[in-house]
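One-letter residues, chain by chain:
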Amino acid sequence: MRLVGLTSGIASGKSTVSNLFKSHGVPVVDADLVACDVLKKDSGGYKKVVAAFGEDILKDNGEVDRGKLGQVVFSDPGKRQLLNRLMAPFISFGIFLEILKQWLKGKKVVILDIPLLFEAKMDNWTKPIIVVWVDTETQLQRLLARDKTNDKDARNRINAQMALDIKRSKADIIINNRGSLEELEEQFQKVLAQVIRPLTWTEFWLSRQGAITALISIIMVVVVGRNVFRR
């Protein structure tokens, strides 16, 4: 099984690339969706986050207001680190379960869409690693246009993340998303060909098909061995 890391920064186009993979039949495990589940009312993650940050981050219905929580943590590195520390075990377990589901379905290639891929050390799980890159100014302007926020809040959110230039230096594959959607899709086709290439032997043995093949081989060896000894 090939686990492909996909990461970037806010307002860089990672979600667009993720959706392109989905549209081409490549399964995607989205860490943001896992995080949403982790924060559902009365879940373990919810209880820890509310205990740490108080009920001011809640909506009227008791659910976590992700916007309010974001305002709290993006302006305070200490609180951001606390949130990441509280959420990490729940998110990691949720991602593992999603990978297991895809493994049981027999999927050979799975995209792990994880914004904090490097920060959470999850890059150790993935090969290759794809980084969707844009320059900081383009990132800022897209974030301002998308969220209708002010310049200070937008810069706080960008600065709260690992710089895209650093992520780019750690990447196996770089998608430059400064241009048009058409240019992005053209790059994507080349990346897709790399991602869905035949599995290596190591990747094959880690897949469900490889596990079944190994099991059958063991059974055959045992059966043949018994017949030999009976003679």
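Thresholds, definitions, all that
Residues numbered from 1 in each chain as written. Predicted model: local features only at pLDDT ≥ 70, side-chain atom pairs only at ≥ 80, totals over all residues. Heavy atoms only, no water. Buried < 20%, exposed > 50% of the residue type's maximum accessible area, 1.4 Å probe, protein only. Helix = DSSP H or I, 4+ residues; strand = E, 2+ residues; numbered from the N terminus. Pairing = 2+ DSSP bridges. Core = buried A, V, L, I, M, F, W, Y, C linked by side-chain atoms within 4.5 Å. Contact = heavy atoms within 4.5 Å. Salt bridge = Lys/Arg side-chain N within 4 Å of Asp/Glu carboxyl O. Axes fitted to C-alpha atoms, helices over the stretch in contact; angles between N-to-C directions. Parallel < 35°, antiparallel > 145°, perpendicular 65-115°, else oblique. Left-handed = near helix turned anticlockwise from the far one by under 90°. Patch = residues over 30% accessible without salt bridge, like charges linked within 9 Å, V, L, I, M, F, W, Y side chains within 5 Å. Areas by Shrake-Rupley, 256 points an atom, 1.4 Å probe, with all protein chains shown as cover. Lys, Arg positive; Asp, Glu negative; His and termini not counted. Charge placed at Lys NZ, Arg CZ, Asp CG, Glu CD.

Engineer: Explain the pairing of strand 1 (residues 2-7) to me, using residue names and the numbers behind them.
Structural biologist: Taken across its 6 residues, strand 1 has 6 buried, putting it largely inside the fold. Both faces of strand 1 are covered, namely the face carrying Arg2, Val4 and Leu6 and the face carrying Leu3, Gly5 and Thr7. Relative to strand 3 (residues 109-113), strand 1 runs parallel, the two sharing 5 bridges. Across the sheet, residue Leu3 finds its bridge partner in strand 3, namely Val110. Relative to strand 4 (residues 129-133), strand 1 is paired through 3 bridges, and the arrangement is parallel. Each residue of the ladder has a partner; that of Leu6, found in strand 4, is Ile130.

Engineer: Pulling in residues and values, what's your account of the nonpolar core?
Structural biologist: With 32 residues, the main nonpolar core has Val49, Phe53, Leu69, Met87 and Ile95 as its most contacted residues. If one sorts the elements of this core by residue count, helix 5 (residues 77-104) sits on top with 6 residues. Not counting chain neighbours up to four residues away, the residues in contact with Ile95 comprise Val29, Ala31, Val34, Ile114, Met122 and Trp125. Listed in part, the 18 residues of the second largest apolar core include Val17, Leu20, Val132 and Leu192.

Engineer: How would you explain the environment of Pro77 if you had to name every residue and give the values?
Structural biologist: Summarising the element assignment, Pro77 is placed in helix 5. Separated by 25 residues in sequence, Pro77 and Gln102 place their C-alpha atoms 35 Å apart.

Engineer: Describe the pattern of salt bridges, and please don't skip the residues or the numbers.
Structural biologist: Under the counting rule described, the total for this entry stands at 10 salt bridges. Salt-bridge contacts for Asp37 lead to Lys40; the nearest nitrogen and oxygen are separated by 3.2 Å. The class for Asp37 is partly exposed, based on a relative accessible area of 43%.

Engineer: Provide a residue-level description of the packing of helix 6 (residues 136-147) against helix 7 (residues 151-159), including the pertinent values.
Structural biologist: The geometry of helix 6 relative to helix 7 is characterised by a closest axis approach of 10 Å and an angle of 120° between their N-to-C directions. The pairing of helix 6 with helix 7 is recorded here as oblique in orientation. Handedness of the helix 6/helix 7 crossing: right-handed. Two secondary-structure elements touch here, helix 6 through Gln139, Leu140, Leu143, Leu144 and Asp147 and helix 7 through Asp151, Ala154, Arg155, Arg157 and Ile158.

Engineer: Outline a negative patch on the surface, supporting the account with residue identities and numerical values.
Structural biologist: There is a patch of like negative charges on the surface, built from Glu182, Glu183, Glu185 and Glu186. Given the relative accessible area of 53%, Glu186 is considered exposed.

Engineer: Can you break down the sheet that holds strand 5 (residues 173-176) residue by residue, with the values?
Structural biologist: The 5 strands are arranged 2-3-1-4-5 in an open sheet whose pairing can be described as parallel. Whereas interior strands pair on both sides, the edge strands pair on one side only; in this sheet they are strand 2 (28-30) and strand 5. Strand after strand, the sheet turns through a mean of 20° between neighbouring axes, direction not considered. The strands that helix 1 (residues 14-23) touches are strand 1, strand 2, strand 3, strand 4 and strand 5; relative to strand 1, the one it contacts most, it runs at about 150°. The strands touched by helix 2 (residues 31-38) within the sheet are strand 2 and strand 3, with strand 2 carrying the most contacts at an inclination of about 45°.

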